[in-house]
Amino acid sequence: MTDGPQAVVIEAPLVKPKVGRENWVMRAGLAVIGVYLLVAVVFPLYTILSKSFQDSRGLFVGLDNYAEYFATPALFYSINNSLTVSVISMVITVGLAFGYAYGLTRSCIPGKGVFKAIALIPILAPSLLPAISLRYLFGAQGMIKGLLMGETIYGPIGIVIGEVFWTFPHALLIIFTALSLSDARLYEAAEALGASKLRTFFTVTLPGAKYGLISACFVVFTLVITDFGVPKVIGGGYNVLAVDIYKQVVGQRNFQMGAVVGLVLLAPALLAFVADRMIQGKQVALLSARAVPYEPKPDRRFDLAMLAFCGTVAFVIIGILAVAQFAALVKFWPYNLSLVLDSYQFDLMDGGSWGAFWNSLKMAAWTAVIGTAVIFTGAYLVEKSKGFEHGRGLIQLMCMIPLAVPGIVLGLAYIFFFNAVGNPLGFIYHTLIILVLCTITHFYTVSHLTAATALKQMDAEFEAVSSSLKVPFYKTFVRVTVPVCIPAILDISIYLFVNAMTTVSAVIFLYSADTQLASVAVLNMDDAGDTAPAAAMGMMIVYTSATVRLLHFLLTRGIARRTQAWRKR
Amino acid sequence: METDTSAAAGEARPPYLKVENVTKKFGDFTAIKDICLEVFESEFVCFLGPSGCGKTTLLRAIAGLDIQTHGRIEQAGRDISNLPPTERDFGIVFQSYALFPNLTVFKNVAYGLENRKTAKADIAARVDELLQLVGMPDQGPKYPAQLSGGQQQRVALARALATSPGLLLLDEPLSALDAKVRVRLRHEIKELQRKLGVTTIMVTHDQEEALTMADRIVVMNEGVIDQVGTPLEIYRRPASPFVADFIGAMNFLSAVAGGDGTVRIDGVGLSAIECVCVQDEGTAVTLCLRPEDIVTRGVESGAPNAFEATVADLEFLGSFYRASLTAKGVENTRFQADFSVNLVRDLGIEAGKTLTVAFPADRIRVFADS
Ligand SMILES: Nc1ncnc2c1ncn2[C@@H]1O[C@H](COP(=O)(O)OP(=O)(O)O)[C@@H](O)[C@H]1O
Ligand SMILES: [Mg+2]
């Protein structure tokens, strides 16, 4: 029968599994998600790539545009500028965030909850807002411009301060998590071995937080180099890549050069993304299931020092926001300091309106609802479906791409793709739909990962059990999967909502007269010289995001109470 | 002679489940190879084997959860080889229970019934009946998280049985439980299965579980079936050294076949051991004998298969002693024998003592070395 022990001759017929009704539903679902991601991610990015090789009439010109780019010092100097401010902001933010997180996890300072809440506030603001505050603080008539000792705030100094404010919570969240996952037993061992506090810090604390710190570095670097709001407002003559794209497209209508700059900007973002993935892949779980969480012991001098540090950082964060609110209420800075509501008459301003605010609310709500539904369902199909290995792998890859794509590049790609002659989806151009689509895509990856993590924690056999009971998987999805994952689903929707409220970069090219957004209004009013109303609108965004966050908190707590009978954690 | 009751009775009626030449590959890796198996109505069959030998793979192929790459499966006369699980007829219980955490015990058990558009009152009656059956009446309103592991597994069992499937599949249902609960549930499950008469396949790596629960055991090793038989057959007449080693304690002794139904150990000292297996003269073979089958009380020197052996070591294991013995004059032939506490006392067995022991011919298994 067989020639040797190795040769396994299979004589039985190959089985071709019958595709049941459910399988068709699942396949159709996967196909829909696949097509969605192709249209929302891959095709637009392909279009921007091909545009960078074309002239203004759409003829292929090879690398001509790139040659022109690198022959124009005014353009390629920006690469250096962008890298400089990104690296400096990264070092400062990660350093500050580490100190702050260290205080929250390793000292006995009072009010840790309040400190953490304050540190997270900047997430609720568009990046334009701190830049506007900086004008009031350090501008020509700034409140404390003496502190700069003659240097101007309009340039790298302003950009770095603004970016540090805006990226601080992102770094803090990552480092805080890394430091929280420490094992008290390691500290006890170090103490028993007689290691000094400093030695323990370098041999236990830092190695334990290493991956968190690296991740925070990449996140901050990427956020800064792709941010458009801060340098737009406070960058002065200091050109950076993200603003260059805007200037090329909006100022000079040079779309090809915009595409080239976009791809130049994509490179470092993509590199940071790939490097981070590779390094995190090396991470092994340091924390065993039996780890004992670290409980700091009071140490008066150390605690006072940490309190002073965290207090200062928190004061600066609140201060910057307070200045924006103050600016919004002051009648005419610095000559008439009476407080009035004039700046809230958005309808009287150039480039702003209350309509923009309502549009933003509408857009954020749609983004949260549709985005959560699409992303969670997509993650479910990718995680729980059977077979189709290659297809699912591709979809997973497409889900990861948006994290590496700067918002402004995505926005530009959307113009190219959806405004192209003959695109059957062209009708969504200049509507709210394209804003929602672009925003969902921009924040797809993080949401997808949140959903995937929650789904992975569910028992892998729910689908098997349900099929043995002849209950179609989609019924189990509705009756079991969704209710069990409600916390993750709420997290995704709040994340999408807040980001949709604050984002500027992804939508700056895509809004129309009818679909002005609050964050765009901040930019346009500031551009038109209406700085106070811009600050007022920026603060409106902060208050809205904060309110929604608070609602989310109450809702989550209510659900946790109601479902604690069956939720163990 | 042991009688293989179920198999003999089975020849008369057609098998309920027929697995023919089933192979499952994961990429280039073949998890199970050319499996053939018949399971009869109302039978309790255990797949037994070490972890990773392909038990779950075979079970999932039968369920249609991971359909085999090759081969045919027939259930109740119907070819189900390529059908998705929803078009098959089975209930399944997993090691993890896989109870829906957000649904009460009642809702969990009713899950499959509700989808069948059964009347509400009928569902309630059926769920009550099932909870009664698994010994958990009045627990309906609780959530799974409020139950112990054993109770959760009972609920999972009730849920799997709710729709009265023709085939019950259990994948290591007891592995996650404490030893005590495990032993109790073993009996409960077996009892329930006998009462309902549902054809059952259970996967386990625990030989004791298989021996106590199964009507027939399917011993698997590296993706193939080594032996199928009743617990007694498997224990008494293992079909391969692997099965011999995997189930119970066993002595393995190198020997040479005499060609006339005899084997010789170490060429000298022992000879003329009667043997049920015939091998060509001079073939290297392995002789297998269980420690508890070695006899010494009333064995005269010169009796068949008797020889002198010295006690090297005596280990007290509670209800019996396990002695390490070396054949006299052949120090490297070492084997173990189980002696009752009585015997050790009566004969004054202790380390250093020489005994006359016999290997009963009908208990010796001989396998050719490969
Ligand atoms: N989905 C899969 N992909 C690849 N290999 C698998 C998969 N499932 C099981 N295997 C492999 O097939 C072999 C048999 O697995 P399994 O049937 O789960 O073993 P058992 O249940 O006997 O412990 C193992 O070596 C396992 O690694
Ligand atoms: Mg298994």
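This structure is a prediction, so every number in the text was calculated from the model and none was measured. (Residues numbered from 1 in each chain as written. Chains lettered and ligands numbered in written order. Predicted model: local features only at pLDDT ≥ 70, side-chain atom pairs only at ≥ 80, totals over all residues. Heavy atoms only, no water.)

1. Considerations on the interface of chain A and chain B
In this complex, chain A contributes 33 residues to the contact, which on the side of chain B involves 41 residues. Both sides together, the interface formed by chain A and chain B hides about 3300 Å², and carbon and sulfur atoms give 61% of it. The salt bridge partner of B:Glu114 is A:Arg479, with a shortest N-O separation of 2.8 Å. Viewed at the interface, chain B and chain A are joined by 13 residue pairs in polar contact (both at pLDDT 80 or more). Contributing elements (two or more residues each) for the side of chain A that touches chain B: helix 1 (21-51), helix 18 (462-468) and helix 19 (473-484) of chain A. (Contact = heavy atoms within 4.5 Å. Buried area = accessible area lost by both parts, 1.4 Å probe. Salt bridge = Lys/Arg side-chain N within 4 Å of Asp/Glu carboxyl O. Polar contact = N/O pair within 3.5 Å; in protein donor to acceptor, adjacent residues only side chain to side chain. Helix = DSSP H or I, 4+ residues; strand = E, 2+ residues; numbered from the N terminus.)

2. Considering the pairing of strand 3 (residues 44-48) of chain B
Along a regular strand, successive side chains alternate from one face of the sheet to the other. Residues and elements named next belong to chain B. Judged by how many residues are buried, strand 3 sits mostly within the fold: 5 of 5 residues are covered. A two-sided burial pattern is seen for strand 3, the buried positions comprising Phe44, Cys46 and Leu48 on one face and Val45 and Phe47 on the other. Relative to strand 8 (residues 199-204), strand 3 runs parallel, the two being bridged by 5 bridges. Looking across to strand 8, one finds that Phe47 is bridged to Val203. (Buried < 20%, exposed > 50% of the residue type's maximum accessible area, 1.4 Å probe, protein only. Pairing = 2+ DSSP bridges.)

3. Describing the confidence of the model for chain A
Mean pLDDT for chain A: 89, with 96% of residues reaching 70 or above. Scored below 50 in pLDDT, residues 1-7 of chain A shows 4 contacts in the model against residues more than four places distant or in partner chains. (pLDDT = per-residue confidence, 0-100.)

4. So, the packing of helix 19 of chain A against helix 3 (residues 105-114) of chain B
The contact between helix 19 of chain A and helix 3 of chain B brings their axes to 13 Å, and the two run at 155°. Relative to helix 3 of chain B, the element helix 19 of chain A lies roughly antiparallel. Of the two elements, helix 19 of chain A crosses helix 3 of chain B, and the hand of that crossing is right-handed. Of helix 3 of chain B, the residues touching helix 19 of chain A (which contributes A:Lys475, A:Thr476, A:Arg479 and A:Val480) are B:Lys107, B:Tyr111 and B:Glu114. Taken together, the residues of the contact of helix 19 of chain A with helix 3 of chain B sort by class into 2 nonpolar, 1 polar and 4 charged. (Axes fitted to C-alpha atoms, helices over the stretch in contact; angles between N-to-C directions. Parallel < 35°, antiparallel > 145°, perpendicular 65-115°, else oblique. Left-handed = near helix turned anticlockwise from the far one by under 90°. Nonpolar A, V, L, I, M, F, W, Y, C, P; charged D, E, K, R; others polar.)

5. Some points on the site of ligand 1
Residue and element names in this part refer to chain B. Around ligand 1, the neighbouring residues are Phe26, Phe29, Ala31, Pro50, Ser51, Gly52, Cys53, Gly54, Lys55, Thr56 and Thr57. At a separation of 3.0 Å, an oxygen atom of ligand 1 approaches a polar backbone atom of Gly54. Between an oxygen atom of ligand 1 and a main-chain N or O atom of Lys55, the distance comes to 2.9 Å. With the chains in place, 57% of the 560 Å² that ligand 1 exposes on its own is no longer accessible. For the shell around ligand 1, the secondary-structure elements that each account for two or more residues are strand 2 (29-39) and helix 2 (55-63). The element that contributes the greatest number of residues to the shell around ligand 1 is helix 2, accounting for 3 residues. Looking at the shell around ligand 1 residue by residue, the class counts come to 5 nonpolar, 5 polar and 1 charged. (Near = heavy atom within 4 Å. Areas by Shrake-Rupley, 256 points an atom, 1.4 Å probe, with all protein chains shown as cover.)

6. A few points about the sheet that holds strand 6 (residues 91-93) of chain B
All names here are of chain B. The strand order 6-7-8-3-9-10 describes an open sheet built from 6 strands, whose pairing is mixed. The open sheet is flanked by strand 6 and strand 10 (224-229), the only strands paired with a single partner. When the angles between neighbouring strand axes are averaged without regard to direction, this sheet yields 15°. As defined by bridge partners, strand 3 adjoins strand 9 (residues 216-221) across 4 bridges and the pair is classed as parallel. Bridge pairing in strand 9 links Leu48 to Val219. Contacts between helix 2 and the sheet are confined to strand 3, strand 7 (167-171), strand 8 and strand 9, with strand 7 contributing the most and set at about 150° to the helix.

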